[in-house]
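The chain contents come next:
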Amino acid sequence: ASSTWSNSVESPDPLENDPLSDEGMMPGLMLDPQFLPPPMLMHPLVMQSKGLPSDGGQPGGDPSSPLPQGEELKRLLLQQVEYYFSKENLGSDKYLLSQMDGDHFVPISIIAGFSKVKQLTADVDLITEAIRDSTLLQLDEEDEKVRAVPEKRCVLILREIPKETPKKDITGLFSHESCPHCVTCEFAENDCWYVTFDSEEDTQKAFSFL
């Protein structure tokens, strides 16, 4: 029987390879100066993050379709990995965030272990080659890790702060005269708040202040 694949984008499988549980996460406030990747154009494949049917549920999603090859395979790999590093996914993906190093890189070997990528290929070199064509992703110097392109580092992510927390309590953290004031403050998902500043310099100052 020929191999088949599922034509939909999904988030990583947190329970498949995740060495951490919720109990294993560091309690309390976790601060991380984090850029937001540029907005991504909606594509028919990007369905799961919008609550639409996955796999064979959307047009063109026939689960019996043959495995793609060549440039089409690279395009699908790239779109899947770009989705992993999108704002929509990172707002709720504890596992992927836990795999980031201090510079927000994630080993490509980790990405290669996610089920949707494995359905397309097990070739890490091919995944790396696909990522190299991206304008939204960046490889490290050794071509072993990937992160979203750090165009702007103007956002602090405040983690493990409940949605019910009043916004004024969040903005109040940056109200001291020696701390840059934030521009926007928004709740994302998974007890994460995104706090935006005017510049990368202000973001770093606010991070140091906290």
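Refer to the preceding data block for the structure.
Residues numbered from 1 in each chain as written. Predicted model: local features only at pLDDT ≥ 70, side-chain atom pairs only at ≥ 80, totals over all residues. Heavy atoms only, no water.

Q: Which residues make up the pairing of strand β4 (residues 145-148), and what values do they have?
A: By the bridge criterion, two bridges tie strand β2 (residues 106-107) to β4 in an arrangement that is antiparallel. Residue P107 lies in a different strand from β4, and its bridge partner there is K145. As paired strands, strand β3 (residues 137-139) and β4 are joined by three bridges and run antiparallel to one another. Across the sheet, the residue bridging to L137 is A148, located in β4. (Pairing = 2+ DSSP bridges. Helix = DSSP H or I, 4+ residues; strand = E, 2+ residues; numbered from the N terminus.)

Q: Explain the pattern of salt bridges residue by residue, including any values.
A: This model, assessed by the stated rule, comprises eight salt bridges. A salt bridge links E72 to R75, with the shortest nitrogen-to-oxygen separation between them at 2.7 Å. Placement of both E72 and R75 in helix α2 (residues 70-84) is noted, with a separation of three residues, approximately one turn of the helix. On the basis of relative accessible area, E72 is assigned to the partly exposed category, the value being 36%. For R75, a relative accessible area of 35% gives the class partly exposed. Linking D143 and R132 is a salt bridge whose minimum nitrogen-to-oxygen distance equals 2.6 Å. (Salt bridge = Lys/Arg side-chain N within 4 Å of Asp/Glu carboxyl O. Buried < 20%, exposed > 50% of the residue type's maximum accessible area, 1.4 Å probe, protein only.)

Q: Lay out the sheet that holds β3 with the relevant residues and their values.
A: Across a sheet, strands are paired by hydrogen bonds formed along the backbone, either parallel or antiparallel in direction. What the three strands build is an open sheet, ordered β2-β4-β3; its pairing is antiparallel. Looking at which strands have only one partner, the edges of the open sheet turn out to be β2 and β3.

Remember, this is a structural readout, not a statement about activity or role.
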